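Descriptive structure summary
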Amino acid sequence: MKILVLGSGAGGGFPQWNCNCANCAGQRSGRIRASERTQSSIAVSGDGESWVLLNASPDIGEQIRRHAQLHPRHGLRDTPIKAVVLMDAQIDHVTGLLGLREGPCIDLYATPCVFEDLTTGLPLLDVLQHYCGTRWHMLPVDGDRTSAEFEIEAAPGLRFTALAIPGKAPPYSPHRREQMTGDNIALRIEDRAGGRSLFYSPGLARIGERELGWMNAADCVLVDGTFWNEDEMERTGLGAKSASDMGHLAQQGFAGRPGMLDALRESAAARKVLIHVNNSNPILDEDSAPRRTLDSLGIEVAHDGMEICL
Ligand code: MLT
Ligand code: MN
Ligand code: ZN
């Protein structure tokens, strides 16, 4: 299985257009060593020919331009992107669907909650009906159903499992105050030929026994790297919301509760990679103390253009 990191940043990317925080200003001026990051999305392929997008970033046009694997190949109009799977209905994960409107009808895989959000609070799919349209593939993760195995016709070499995880519904969701099963999923993707697997979860609010089990069973984990600290937005003067308010587990634990690093320390995965990194996170600075901590734990930070082969 081939994995392309198209966008390793959180919503807003890095540096964020309107932000003068130490990281964003430091990156612009060259005062810190840190690379630009577009907004959250990866692509996976079993054969290197047909690709499945996991989330569709608002930066999708630039991301496709930068990756030859995703360029058109045959005929006048063409794309090797055969399907899109959505982890949630957040702006940074779904608005790239609009950027695919010039292409063929989009084969879209998502949960009932996400399809609902995208036809109500953020009715992108209604808009797309006037362009390429979308073919819905409902992932039955809702109510008591907390996981669903599925296949994607154009990616026969891969086996997918959608896993309900703790998170948050987006602010524009009709049920934003009560989290429902299917608002947020993680994906387990297994390469049928080699048996290798990826656990992908760019937004993960809490890690319980279940999540730890999946993280242990995977060869590579690509997980929520949004915040270093629970109160990072407040610390950096950027906002009042905590990491958990936003549905993210910070790398450092707080109030006696374990953080992402504790979970990764326990995980048996050969590769442990943080993704969806917010512009406030000190790990963006490659010379920072938190970055050295990650190095000492064998934890990588995803960057745009990173390629992983499993
Ligand atoms: C999040 O994951 O919380 C988002 O990046 C926020 C956003 O896109 O506005
Ligand atoms: Mn996000
Ligand atoms: Zn910033």
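My aim in this report is to walk through the structure given alongside it, one point at a time. (Residues numbered from 1 in each chain as written. Chains lettered and ligands numbered in written order. Predicted model: local features only at pLDDT ≥ 70, side-chain atom pairs only at ≥ 80, totals over all residues. Heavy atoms only, no water.)

1. Describing the pattern of salt bridges
Where charged atoms from two side chains of opposite charge come close, those side chains can pair. We apply this condition: By convention in these notes, a salt bridge is any Lys or Arg side-chain nitrogen within 4 Å of a carboxyl oxygen on Asp or Glu. Helical segments are the DSSP runs of H or I of at least four residues, strand segments are the runs of E of at least two, and each set is numbered from the N terminus. We call a residue buried when its accessible area falls under 20% of the maximum for its residue type, exposed when it is over 50%, and partly exposed in between, using a 1.4 Å probe and counting protein chains only.
Applying the stated criterion to the full structure yields 15 salt bridges. Linking Arg-33 and Glu-286 is a salt bridge whose minimum nitrogen-to-oxygen distance equals 3.2 Å. Pair noted here: Arg-33 is in the loop between α1 (22–29) and β2 (41–45) and Glu-286 is in the loop between β12 (271–275) and α9 (289–297), with a separation of 253 residues, a long-range link. Arg-33 gets classed as partly exposed once you look at its relative accessible area, which sits at 47%. Exposure remark for Glu-286: the relative accessible area of 27% places this residue in the partly exposed category. Residues Arg-65 and Glu-62 are paired through a salt bridge, measuring 3.2 Å at the closest nitrogen-oxygen approach. With Arg-65 and Glu-62 both in helix α2 (residues 60–66) and three residues apart, this pair spans about one turn of that helix.

2. Here we look at the site of ligand 1
Convention followed: Residues are labelled near a given molecule or strand when at least one of their non-hydrogen atoms is within 4 Å of it. Polar contacts, as used here, are pairs of N or O atoms within 3.5 Å; protein pairs need one atom able to donate a hydrogen and one able to accept it. Residues neighboring in sequence count only if both atoms are side-chain atoms. Here the accessible surface of atoms and residues is derived via Shrake-Rupley with a 1.4 Å probe, and residues count as covered only by protein chains that are part of the display. Only protein atoms enter the calculation, which uses a 1 Å grid: trapped sets of points that fit a 1.4 Å probe without letting it out are cavities, open sets showing protein on both sides within 12 Å along at least five of seven lines are pockets, and any residue with an atom within 4 Å of a point is a lining residue. Any molecule with more than half of its atoms within 2 Å of a cavity's or pocket's grid points is counted as sitting in it.
The environment of ligand 1 is formed by Gly-11, Asp-92, Met-246, His-248 and His-276. Within the contact set of ligand 1, an oxygen atom lies 2.9 Å away from a backbone nitrogen or oxygen of Gly-11. At 3.2 Å, a side-chain N or O of His-276 approaches an oxygen atom of ligand 1. Contact with the protein chains covers 72% of the free accessible surface of ligand 1, which is 270 Å². Judged by its atoms lying within 2 Å of the grid points, ligand 1 is housed in the largest pocket.

3. Focus: a positive patch on the surface
What counts is decided by this rule: Patches here: salt-bridge-free residues with over 30% relative accessible area, like charges joined within 9 Å, nonpolar side chains (Val, Leu, Ile, Met, Phe, Trp, Tyr) joined within 5 Å. We treat Lys and Arg as the positive residues and Asp and Glu as the negative residues; His and chain ends play no part in the count. Think of each charge as sitting on NZ of Lys, CZ of Arg, CG of Asp or CD of Glu.
On the surface, Lys-168, Arg-206, Lys-241 and Arg-257 cluster together into a patch of positive charge. Here Arg-206 shows up in the loop between β10 (197–201) and α6 (209–217).

4. Digging into the sheet that holds strand β14 (residues 307–309)
Convention followed: Each pair of strands is called paired provided DSSP finds at least two bridges between the two strands. To obtain each axis, a line is fitted to C-alpha atoms, and for helices this fit is confined to the stretch in contact; angles are then taken between N-to-C directions over 0 to 180 degrees.
Spatially, β6-β5-β4-β3-β2-β1-β14 is the arrangement adopted by the seven strands of the open sheet, whose pairing is mixed. Strand pairing shows two members of the sheet lacking a second neighbour, β6 (134–138) and β14, which therefore form its edges. Each adjacent strand pair in this sheet contributes to an overall mean axis angle of 25 degrees, direction not counted. As defined by bridge partners, strand β4 (residues 81–85) adjoins strand β5 (residues 106–110) across two bridges and the pair is classed as parallel. Of the residues in β5, the one forming a bridge with Val-85 is Tyr-109.

5. A look at α9
Formally: Think of the arc as the fan of directions from the helix axis to the C-beta atoms. For this analysis, residues touch if any pair of their heavy atoms sits within 4.5 Å.
Where α9 is concerned, the buried positions are Pro-290, Arg-291 and Leu-294. Projected down its long axis, α9 carries its buried residues within an arc of 100 degrees, all on one side. In α9, those exposed residues whose orientation departs by more than 90 degrees from the buried face are Arg-292, Asp-295 and Ser-296. Where α9 is buried, its residues contact α8 (260–266), β12 and β13 (299–301). Looking one or two residues beyond α9, the residue adopting positive phi is Gly-298, at roughly 70 degrees.

6. Observations concerning the packing of aromatic side chains
The geometry of an aromatic ring pair is captured by two quantities: the separation of the ring centres and the angle between the planes. We apply this condition: What counts as a ring pair is set by centres within 6.5 Å for rings of Phe, Tyr and Trp (its six-membered ring), and what kind of pair is set by the plane angle: stacked under 30 degrees, edge-to-face over 60, tilted for all other angles.
Applying the stated rule across the entire model yields four aromatic pairs. On the numbers, 4.2 Å between centres and 20 degrees between planes, the contact of Phe-115 with Trp-136 is stacked. You can see Phe-115 sitting in helix α4 (residues 112–117) and its partner Trp-136 sitting in strand β6, a full 21 residues away along the chain. By relative accessible area, Phe-115 is classed as buried at 2%. Geometrically, the ring pair formed by Phe-150 and Phe-160 is stacked, given 5.2 Å between the ring centres and 25 degrees between the ring planes.

Bear in mind that shape data such as this cannot, by itself, settle questions of function.
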